[in-house]
Amino acid sequence: MAPQAQHVSDPPSAAVADDDRTATKPVRRRRPPSAVTGAVYPVTFLALLTVAWFVVTATELVQPYIIPSPGDTWSTFTDHGAYLWEHTLVTTGETVAGFVIAAVVGILVAVLMVYSPALEKTFYPLILFAQVVPKIAIAPLFVVWLGFGTSPKILVAVLMAFFPVVISGISGLRSVDPELLELTSTMGASRLKTFWKVRFPAALPELLSGLKVAATLAVTGAVVGEFVGANSGLGYVILQANGNIDTPMLFAALIIMSALGVLLFALIQLAEMLLIPWHASRRNRV
Amino acid sequence: MFAKTGEGAGSGAEPAAHRPGGPMVEIRGVDVAFRTGDRTVQALSSIELTVERGEFLSIAGPSGCGKSTLLRVVAGLTSPTAGEVALRGSPVLGPRRDVGFVFQRAALLDWRTARGNILFQAEMRGLPKAWARKRADELMELTGLTGFEKAMPFELSGGMQQRVSLCRALLHEPDVLLMDEPFGALDALTRENMNIELRRIWERTGMTVVLVTHSVAEAVYLASRTVVMGPRPGRVIEEFPVELPGHRDYERTLKNAEFQRITSRVRELLGSTAPAD
Ligand SMILES: Nc1ncnc2c1ncn2[C@@H]1O[C@H](COP(=O)(O)OP(=O)(O)O)[C@@H](O)[C@H]1O
Ligand SMILES: [Mg+2]
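Definitions and limits used
- Residues numbered from 1 in each chain as written.
- Chains lettered and ligands numbered in written order.
- Predicted model: local features only at pLDDT ≥ 70, side-chain atom pairs only at ≥ 80, totals over all residues.
- Heavy atoms only, no water.
- UniProt positions renumbered as here; feature names shortened; annotations may be inferred.
- Helix = DSSP H or I, 4+ residues; strand = E, 2+ residues; numbered from the N terminus.
- Rg over C-alpha atoms; globule rule 2.2 N^0.38 Å.
- Buried < 20%, exposed > 50% of the residue type's maximum accessible area, 1.4 Å probe, protein only.
- Areas by Shrake-Rupley, 256 points an atom, 1.4 Å probe, with all protein chains shown as cover.
- Pairing = 2+ DSSP bridges.

In the nomenclature of an unreviewed UniProt entry, chain B corresponds to ABC transporter ATP-binding protein from the organism Streptomyces tardus.

You'll find chain A entered in an unreviewed UniProt entry as ABC transporter permease, with Streptomyces tardus given as the organism. Per UniProt, chain A carries the Subcellular location (unreviewed entry) text "Cell membrane".

Here is the structure:
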């Protein structure tokens with residue numbers, strides 16, 4: 001549009017010229033914040049924490065069996081690498097399986113509940129019950145039902161991760177502008193098409209926040225399941241190390257578990273960046 | 001030609017479409033009552049209104065007098081408790097595909113570009129892609145959106161967003177364009193510009209428009225006929241044919257004696273029906 005003087009007697013472009021002052025120029029989509037600059041603060045903080053850890057253990061402010069030195073913990077990683085790796089794989093498998101099942105079932109249930117008030121009334125108390133029942137208390141029951149294999153651990157992970165997926169899914173699917181839905185009803189499109197082109201994309205921001213929470217809870221669920229009855233996995237490693245008062249091993253297992261949670265969280269964050277670059281929560285982040 | 005295939009459910013009376021100049025919208029004895037708890041709100045009472053083909057009808061009235069409800073009844077989004085509505089001679093029995101709707105909020109899809117939002121209309125209707133793209137480009141040029149095709153909604157001002165919404169409503173060549181306070185959220189200057197532009201588009205295309213507004217000046221400047229509604233129950237109080245030149249220069253129209261006579265009469269009526277909001 002050529003910038004033009006405002007002549008009201010020149011209808012084709014008169015109106016345009018003025019309004020442009022208030023319009024943002026079409027800018028390129030903003031790049032996601034650089035991973036390097038974004039990582040400065042947490043990395044610095046972690047480094048300081050490690051230094052404090054060094055100081056505390058080197059000065060023997062606390063006994064090594066209470067807080068092992070960073071060196072001892074590091075040696076555990078190098079000396080027992082294969083052992084830790086094996087059990088990490090087990091827990092990772094359970095966590096990922098639990099998370100994926102919770103995500104798929106959770107989204108399905110959310111969709112059903114949003115589309116059918118009858119199903120919503122039916123499911124809601126059940127879901128609430130599944131959420132409030134202490135997972136650590138119900139885990140032994142799963143062992144009785146499903147044995148000592150990986151399935152009871154996956155089930156606890158599912159149970160932990162399910163709730164945030166359903167809740168965020170429902171609220172995301174409900175966040176669609178009702179006028180937009182009315183508009184689509186004048187377009188004669190099928191409900192399925194409306195779902196894929198309007199409701200689901202509109203639900204993504206909230207759904208992805210729910211999935212982030214779910215991912216971290218899935219790790220906890222898997223480890224809780226392992227506490228109750230397992231001969232493998234990081235929960236098992238922790239119980240063993242605890243019995244032997246092997247705090248370096250305990251620390252090593254804790255570090256791996258946290259790393260696992262952070263990794264899953266980061267993966268969903270990445271998905272967020274790719275799937276919803278238009279969303280305000282990402283746009284305004286620096 | 002594509003829009004003509006887009007008929008609402010249960011509207012089969014095609015012949016009316018071939019009757020040039022016949023009424024586009026016929027509203028006969030329409031009542032709408034909403035039941036909330038044990039109270040009943042009479043939103044509309046015995047509405048009789050005909051919109052001719054190619055007419056620009058504006059509806060002015062205080063808040064809550066049923067203006068939105070009336071538009072929704074025409075589009076088939078709300079069913080009347082009594083009475084009948086017909087579009088192009090075929091009765092409105094459910095959401096109609098042969099209308100274009102513009103709301104006060106642009107209601108755009110945040111994740112699509114301006115052009116993508118306009119083409120959304122075509123995708124939902126399954127219209128031929130090449131045709132839709134060409135039409136979208138034409139409409140964007142008509143509304144001054146050229147250059148903003150790839151802009152995301154959050155990058156656009158309120159006025160630009162509403163232009164996108166207007167293009168989306170026009171993409172499928174609807175028989176009637178329904179606008180519910182489309183410029184109500186815009187600042188005064190942008191609103192004025194949008195009025196000038198909408199009038200220009202109407203002068204060029206000769207489409208049928210029903211526009212609901214709070215602004216008396218907007219109602220009279222834009223329309224070929226203005227309807228004033230009153231509240232409790234929502235009803236038509238009076239109609240004014242707006243006998244002003246077909247091509248309306250904004251500044252000159254505002255100074256026109258006939259324009260001023262109508263607007264002051266409308267203001268009087270609105271003042272006497274309800275407190276101004
Ligand atoms: N879905 C609804 N349920 C109950 N009452 C409604 C509904 N829609 C509108 N109303 C009522 O009907 C009346 C007319 O509303 P509306 O058509 O939105 O008025 P306007 O657009 O003129 O402001 C108002 O009193 C409003 O509260
Ligand atoms: Mg309204």
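1. Quick look at the overall build of chain B
When helices and strands are tallied, chain B shows eight helices and ten strands. For chain B, the C-alpha radius of gyration of 18 Å lies close to 19 Å, the compact-globule estimate for 277 residues. When the backbone C-alpha atoms are referred to their principal axes, chain B occupies close to 50 × 45 × 40 Å. Counting only residues that meet the buried cut, chain B has 58% of its 277 residues in that class. Carbon and sulfur atoms make up 52% of the accessible area of chain B, which amounts to about 10,900 Å² in all.

2. Let's talk about the UniProt feature "domain: ABC transporter" (unreviewed entry) in chain B
Per the UniProt entry, the sites bearing "domain: ABC transporter" (unreviewed entry) are residues 27-256 of chain B in this numbering. The span residues 27-256 of chain B carries 34% helix and 28% strand; its end-to-end C-alpha distance comes to 32 Å.

3. Observations concerning the pairing of strand β9 (residues 225-230) of chain B
All names here are of chain B. For β9, a buried count of six out of six residues is recorded, marking the element as mostly surrounded by other parts of the structure. With burial as the criterion, each face of β9 is covered, one bearing Arg225, Val227 and Met229 and the other bearing Thr226, Val228 and Gly230. Sheet analysis places strand β3 (residues 56-60) next to β9, joined by four bridges and oriented parallel. In the strand pairing of β9, Ile59 is matched with Val227. Summarising the sheet, β9 and strand β10 (residues 235-241) pair through six bridges and their orientation is antiparallel. Within the sheet, the bridge partner assigned to Gly230 lies in β10 and is Arg235. Joining the antiparallel neighbours β9 and β10 is a turn of four residues, in which Arg232 adopts a positive phi near 45°.

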